[in-house]
Amino acid sequence: MTTDTNTKPRLNREAYGSGAELPVKILQFGEGNFLRAFVDYAFHTLNKEIGFNAGVAVVQPLPGGMVEQLDEQDALYTVFLNGIKNGKKIQENHLIDNIVKCINPYKDFKALLDVAKLDSLEFIISNTTEAGIEFVDSDVLSEESPKSFPAKVVAVLYERYNHFKGDRSKGLTVIPCELINHNADTLKKVLLQYCELWKLEADFAAWINEACTFHNTLVDRIVPGYPRDEEEEFSNKLDYQDKFMVTAEPFFLWVIEGDDQLKEKLPFDKTSLDVKIVSDMQPYRNRKVRILNGIHTAMVPFSMMYGNETVQETVVSPFTMKYVSEIAFNEIVPTLDMDKEELKSFTEEVLDRFRNPFIRHQLSDIVLNSVSKFKVRVLPTILEYFEKNGKLPYHLVFGFACMIRYYKGSWNGKSLPVKDSKDIVETFDQAWKNTSLEATVEEILANTGFWDQDLNSIPGLHSAITYAIKNAEENGIEKGYQNFISHFS
């Protein structure tokens, strides 16, 4: 039996809120699904579990945002967590209530500057996409909102600096979540560019450097967002209308570079959340890139050519799951310089995430830009494995062969969705016109534009990939893979 959601009350703070309004401690640039299901969820948990008492002021970073619509339901919304954890299905929902102010700076820039003057403000957090941290030299400091996100941050910091007369104790903790490496370092560099462009006093730049702290981060949670295809099903679980409900997986990891002072400011270690405040986040980034992203990239052409369509099918099918286990536990994990038990535990969590029946992750979506992904995510493992063991990681090598063969564009009479830049696709097309498979493989491995080196120089790689492609073409992926591993083991 379904319920007419239009007869339900609109989500509002009077009926569903938790009491007194929280003081604004966090200025957040971005109102999208990820921030609401990750950062706001995290601070909501901090509030509930240890009484952190932090309210969030959300800033719309682009003119075409939705803070006003969010404000119509008093910035309340529901996060649905659906997935697999330790082999068990998890289904939870949480009403998030810590956003206390919604700001559209393009309509009310003064409202943003007023937040800068709050004594309670401690943090700036953002996720404005990878393209958001940009320097726009046409931006000016005025009574109107500048275009770029960093320019808005400078305007906020300058307002705070002036209001508190340069007091070094009033600096803010800046924690960007954009998906670029060294995101805080990059943001800080752009902020100082604006200080120069706008000819702001040297002491203000010194205040940014001395009073404010900047923390690089790694964020990890799959957030599909609003459940459009299952809107009625999710709405029926609520006794109110929620136009901003958001779905996410249970897995949560936030790695923040910081010291003991930051740990005191953000006592996530006293909560149930996996928030790691560490001096160097690069090992964790490397772990994610090599394991989660590396498995994705290595398995996709292999799995698609076998006949699977989704990530979940790949890890449910006994044959393709055996391949995934081999590359993960026997080839990727041994090359990483971290605690091996921690790496194995992380890998098991990754595989649980891949098994999530609530997320239909198409392999054809992941195959985009496979060459550049392979270079960053998989090739380093192959090279390091060879250096440590004096032999090739043959399961990953077979995946490499599948990727090369995938770029031919068809398999068993069916076209394959090759998604890459025009020049890369044309390079593969040209290589596949060679009169022999050996010549094709040699040309592709020799392409320094792809790999930054001639991979033909790695002993045995050319012959192994050639052998793998031949066997796959003659016998299919399953039998070809088994023949290949038997031959080289």
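Residues numbered from 1 in each chain as written. Predicted model: local features only at pLDDT ≥ 70, side-chain atom pairs only at ≥ 80, totals over all residues. Heavy atoms only, no water.

(A) Here's a closer look at the environment of I477. Residue position: I477 is located in helix α22 (residues 461-488). For the pair I477 and K375, spaced 102 residues apart in sequence, the C-alpha separation works out to 23 Å. In contact with I477, other than residues within four places in its own chain, are F302, M305, Y306, F319, F398, C402, W411 and A472. (Helix = DSSP H or I, 4+ residues; strand = E, 2+ residues; numbered from the N terminus. Contact = heavy atoms within 4.5 Å.)

(B) Local environment of the sheet that holds strand β9 (residues 217-220). With respect to topology, three strands assemble into an open sheet ordered β9-β11-β12, the strand pairing being mixed. Bordering the open sheet on either side are β9 and β12 (275-278), each of which pairs with just one other strand. Pairwise comparison of adjacent strand axes, ignoring direction, gives a mean angle of 10° for this sheet. Here strand β11 (residues 253-257) pairs with β12 via four bridges, running parallel. Pairing of W254 across the sheet is with V275, part of β12. Each of β9, β11 and β12 touches helix α11 (residues 282-306); the most contacted strand, β9, lies at about 35° to it. (Pairing = 2+ DSSP bridges. Axes fitted to C-alpha atoms, helices over the stretch in contact; angles between N-to-C directions.)

(C) Layout of the sheet that holds strand β4 (residues 88-96). What the three strands build is an open sheet, ordered β4-β3-β10; its pairing is mixed. At either margin of the open sheet sits one strand with a lone partner, and together these are β4 and β10 (246-248). When strand polarity is set aside, the average angle formed by the axes of neighbouring strands in this sheet is 15°.

(D) Seen up close, unusual backbone geometry. The phi dihedral of N53 falls on the positive side, at around 60°, and the residue is not glycine. Along the chain, N53 turns up in the loop between α3 (39-50) and β2 (55-59). In this structure N53 comes out as partly exposed when scored by relative accessible area, which is 38%. The backbone of K165 sits at a positive phi, close to 55°, despite the residue not being glycine. Overall, the relative accessible area of 75% leaves K165 in the exposed class. (Buried < 20%, exposed > 50% of the residue type's maximum accessible area, 1.4 Å probe, protein only.)

(E) Fine view of the side chain of S148. Relative to the helices and strands, S148 resides in the loop between β6 (123-126) and α6 (149-163). With relative accessibility at 2%, the residue S148 sits in the buried group. One polar contact links the side chain of S148 to the main-chain amide nitrogen of A151, over a distance of 3.1 Å. S148 has contacts with E134, V136, D139 and Y194, leaving out every residue within four places of it along the chain. (Polar contact = N/O pair within 3.5 Å; in protein donor to acceptor, adjacent residues only side chain to side chain.)

(F) Molecular detail of the pairing of β11. The element β11 is largely enclosed, with a buried count of five among its five residues. Bridge analysis of β9 against β11 gives four bridges, and the strand direction is antiparallel. Looking at β11, one finds that D220 is bridged to L253. Handedness of the crossover joining β11 and β12 through helix α10 (residues 260-265): right-handed. (Right-handed = clockwise from strand over helix to strand, strands pointing away.)

(G) Up close: the pairing of strand β7 (residues 173-176). Every second residue of β7 is oriented toward a common face, with T173 and I175 on one face and V174 and P176 on the other, all of them buried. Across four bridges, β6 lies against β7 in parallel orientation. Within β7, the position partnered with S126 by the bridge is P176. Here β7 pairs with strand β8 (residues 213-214) via two bridges, running parallel. Each residue of the ladder has a partner; that of V174, found in β8, is F214.

(H) Here's a closer look at the pattern of salt bridges. The final tally for this structure, using the stated rule, is 22 salt bridges. Residue E68 pairs with K107 through a salt bridge whose shortest N-O separation is 3.3 Å. Taken together, the residues span a long stretch of sequence, with E68 in helix α4 (residues 67-71) and K107 in the loop between β5 (99-103) and α5 (109-116) at a distance of 39 residues. D119 is the partner of K170 in a salt bridge, and the nearest nitrogen-oxygen pair spans 2.4 Å. A residue pair is termed long-range when its members are at least 10 positions apart, and K170 in the loop between α6 and β7 and D119 in the loop between α5 and β6 qualify at 51 residues. With relative accessibility at 18%, the residue K170 sits in the buried group. Overall, the relative accessible area of 52% leaves D119 in the exposed class. Here the salt bridges share partners, and the residues they tie into one network are K110, D114, K117 and E159. (Salt bridge = Lys/Arg side-chain N within 4 Å of Asp/Glu carboxyl O.)

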